[in-house]
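Letter by letter, the chains look like this.
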Amino acid sequence: ESVAMLNPLSADLAVMRRTLLNGLLENVAFNINRRNSDVKLFEFGKIYRKINGIYEEKKCLGIALSGNFNSESWTGNIRKAAFFDLKGLVQQIFVRLDIQVTDEKPANDDNFLDGIEFIYGNKSLGKLGIINKKLAKKLGVSQDTFFAQLNWDEMLVLANQHDLKYKEISKFPGSRRDLALLIDSTVKY
């Protein structure tokens, strides 16, 4: 299914990418190596495949989560990112675009230890799962990493079938103010 380049710059750039996974994993590794182990990344990009002599180009959305899901705070405990955190993010995207997923089935993908695929009718909207440890280690990532790749072109076609409603953004930016008053000491309340 790989699309070969006619005049590649080097051996590792001889084919067009078939997934957004490798680039996002490299970015996760880059961040972890610089002591930023809590990573949430996304990328819009194109993937390329050749199926039965026909070239296919798709725009996709890739999302990667690794490390802690929430940041350190006095209001709550730190917790590691999990499969269902990423699934919740993907489902929020479907809700925003008013897309009703008709089926979820196990993803048949060697890149995932465990994963699911989102189906609308007979079309795949995308896959998500936990990255295979061997692949992650090969790219320099030693912690659990979760990845989703959504077929953005297909999702936009489905989103355009519905009337999306927009709300105007306020002209005035939000603000938080602290008000201090100087009052005579004889005032009781």
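Values in this document were obtained by computation on a predicted structure and should not be read as measured data.

Enquirer: A description of the nonpolar core should follow, citing residues and the corresponding values.
Expert: Counting residues in hydrophobic clusters, the biggest one holds 23 residues, and the most contacted among them are Leu86, Val90, Ile93, Phe94, Leu128 and Met155. Counting residues per element, the ones that place at least two in this core are β2 (54-66), α2 (83-96), β4 (112-120), β5 (123-131), β6 (145-151) and α4 (152-159). For this core, the element with the most residues is α2, which contributes 5 residues. Not counting residues within four places of it along the chain, the set of residues in contact with methionine 155 comprises Ile93, Phe94, Leu97, Ile99, Leu125 and Leu150. By size, the runner-up hydrophobic cluster in this structure holds 18 residues, among which are Leu21, Leu24, Leu135 and Ala136.

Enquirer: If you had to explain the confidence of the model for the protein to someone new, which residues and values would you point to?
Expert: Chain-level pLDDT for the protein is 87 on average; 99% of the residues reach the 70-or-more range. Helix α3 (residues 133-138) is the least confidently modelled element of the protein, averaging 89 in pLDDT, while β6 averages 94, the highest of any element.

Enquirer: Give a description of α4 that names residues and reports values.
Expert: Residues of α4 that are buried include every one of Trp152, Glu154, Met155, Leu158 and Ala159, and no others. End-on view of α4: buried residues confined to an arc of 160°, all on one side of the axis. Against the buried residues of α4 lie β1 (39-51), β2, α2, β4, β5 and β6.

Enquirer: Describe the pattern of salt bridges, with residues and values.
Expert: One pass over the structure, following the stated rule, counts 9 salt bridges. Where lysine 58 meets glutamate 56, a salt bridge forms, and the shortest distance between an N and an O atom there is 3.6 Å. Lysine 58 gets classed as partly exposed once you look at its relative accessible area, which sits at 25%. Relative accessible area serves as the criterion here: at 27%, glutamate 56 is assigned to the partly exposed category. The closest approach of N and O atoms between arginine 79 and aspartate 85, which form a salt bridge, is 2.8 Å. A network of salt bridges, in which partner residues are shared, links Arg49, Glu56 and Lys58.

Enquirer: Give a detailed account of the environment of lysine 40, specifying residues and quantitative values.
Expert: The residue lysine 40 is located in strand β1 in this model. Accessibility expressed as a relative area gives 48% for lysine 40, which makes it partly exposed. Between the C-alpha atoms of lysine 40 and serine 66, which are 26 residues apart in sequence, the distance is 6.6 Å. Sequence-distant contacts of lysine 40, defined by excluding residues within four places in its chain, comprise Ala64, Leu65, Asn68 and Phe69. At 2.6 Å, the side chain of lysine 40 and the backbone oxygen of phenylalanine 69 are in polar contact.

Enquirer: Give me the lowdown on the packing of aromatic side chains, citing residues and values where you can.
Expert: Following the criterion strictly, the structure yields 5 aromatic pairs and no others. Judged by centre distance (5.1 Å) and plane angle (70°), the ring pair of phenylalanine 44 and tryptophan 152 falls under edge-to-face. Of the two residues, phenylalanine 44 is situated in strand β1 and tryptophan 152 in helix α4; the sequence distance between them amounts to 108 residues. In this structure tryptophan 152 comes out as buried when scored by relative accessible area, which is 15%.

Enquirer: Outline the sheet that holds strand β3 (residues 103-106), listing residues and values.
Expert: Within the open sheet, the 6 strands sit side by side as β1-β2-β6-β5-β4-β3. Their pairing is antiparallel. Strands with a single pairing partner mark the edges of an open sheet, and in this sheet they are β1 and β3. Looking at each pair of strands side by side, their axes are set apart by 20° on average, direction ignored. Those strands touched by α2 are β2, β3, β4, β5 and β6, and its axis lies near 20° from that of β6.

Enquirer: Would you mind going over a nonpolar patch on the surface in detail, with residue names and values included?
Expert: A surface patch of nonpolar side chains, amounting to about 460 Å² of accessible area, comprises Leu179, Leu181, Ile183 and Val187. Among the structural elements, valine 187 can be located in the segment after α4. Residue classification places valine 187 among the partly exposed positions, given a relative accessible area of 44%.

Cut-off values and rules
- Residues numbered from 1 in each chain as written.
- Predicted model: local features only at pLDDT ≥ 70, side-chain atom pairs only at ≥ 80, totals over all residues.
- Heavy atoms only, no water.
- Core = buried A, V, L, I, M, F, W, Y, C linked by side-chain atoms within 4.5 Å.
- Buried < 20%, exposed > 50% of the residue type's maximum accessible area, 1.4 Å probe, protein only.
- Helix = DSSP H or I, 4+ residues; strand = E, 2+ residues; numbered from the N terminus.
- Contact = heavy atoms within 4.5 Å.
- pLDDT = per-residue confidence, 0-100.
- Arc of directions from axis to C-beta.
- Salt bridge = Lys/Arg side-chain N within 4 Å of Asp/Glu carboxyl O.
- Polar contact = N/O pair within 3.5 Å; in protein donor to acceptor, adjacent residues only side chain to side chain.
- Phe/Tyr/Trp six-rings, centres within 6.5 Å; stacked < 30°, edge-to-face > 60°.
- Pairing = 2+ DSSP bridges.
- Axes fitted to C-alpha atoms, helices over the stretch in contact; angles between N-to-C directions.
- Patch = residues over 30% accessible without salt bridge, like charges linked within 9 Å, V, L, I, M, F, W, Y side chains within 5 Å.
- Areas by Shrake-Rupley, 256 points an atom, 1.4 Å probe, with all protein chains shown as cover.

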